[in-house]
Amino acid sequence: LRARRAAPACGRCGLDVHVADRVVHRDTAYHAQCLRCGACRRSVVDLAWGTLDGDDVLLCDDRARSCLVKARTASLAHAKADKDERPSATDVAGMREARLRAVELVGT
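Residues numbered from 1 in each chain as written. Predicted model: local features only at pLDDT ≥ 70, side-chain atom pairs only at ≥ 80, totals over all residues. Heavy atoms only, no water.

**With respect to the layout of surface pockets**
In this approach a probe as big as a water molecule rolls over the atoms, and the regions it shows empty are the leftover space. For clarity, the cut-off: Only protein atoms enter the 1 Å grid, on which a cavity is a set of points fitting a 1.4 Å probe that cannot get out and a pocket is an open set with protein on both sides within 12 Å along at least 5 of 7 lines, lining residues being those with an atom within 4 Å of a point. Grid points are joined across faces, edges and corners, and a volume is the space filled by probe spheres set on the points. As a working rule, the residues Ala, Val, Leu, Ile, Met, Phe, Trp, Tyr, Cys and Pro are called nonpolar, Asp, Glu, Lys and Arg charged, and the rest polar, with Gly in that last group.
Taken as a whole, the largest pocket holds about 200 Å³ of empty space. Lining the largest pocket are 13 residues, and of these Tyr30, Leu35, Arg36, Asp56 and Leu58 lie nearest its centre. When the residues that make up the lining of the largest pocket are grouped by side-chain class, the tally is five nonpolar, three polar and five charged.

**Describing the confidence of the model for the chain**
The line we're drawing: Per-residue confidence from the predictor is reported as pLDDT, which spans 0 to 100. The way it works is that DSSP assigns letters per residue, a run of H or I at least four long becomes a helix, a run of E at least two long becomes a strand, and they are numbered from the N terminus.
This prediction gives the chain a mean pLDDT of 76; 75% of its residues lie at or above 70. Per-element confidence in the chain ranges from a low mean pLDDT of 47 for strand E5 (residues 104-106) to a high of 89 for strand E2 (residues 28-31).

**Some details on unusual backbone geometry**
Comment: phi is negative for the bulk of residues other than glycine, and the bulk of peptide bonds are trans. Using the following cut-off: Three labels apply to residues, based on accessible area from a 1.4 Å probe with only protein chains included: buried if under 20% of the type maximum, exposed if over 50%, partly exposed otherwise in between.
The phi torsion at Arg26 lies on the positive side, around 50°, for a residue other than glycine. Summarising the element assignment, Arg26 is placed in the loop between strand E1 (22-25) and E2. With a relative accessible area of 33%, Arg26 lands in the partly exposed category. Of note, the phi angle at Asp27 is positive, near 60°, even though the residue is not glycine. When you line up the elements, Asp27 lands in the loop between E1 and E2. Since its relative accessible area comes to 79%, Asp27 is described here as exposed.

This is the structure we're talking about:
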């Protein structure tokens, strides 16, 4: 007989996560202190946060310092730099809309 786990394992550190300290993202449990922004490493607990294009890297979306907004802006700038010519206004508008649709905002 196998012993049953009392609590799920944290997706970052692997230790048991008790209900009082549990934050769930994409069906994976995390300790509140283990759930951090992938860019600035701040805790995203009590902040708005999200991901780009279904990526699993969490990014904070705090008003004062938003790594999610910076990543969106950098992604648009990178797409523009990849082209030999300047993208049309229609292309830019399409890229912005696609990015906004692709971002899954999680949290508040």
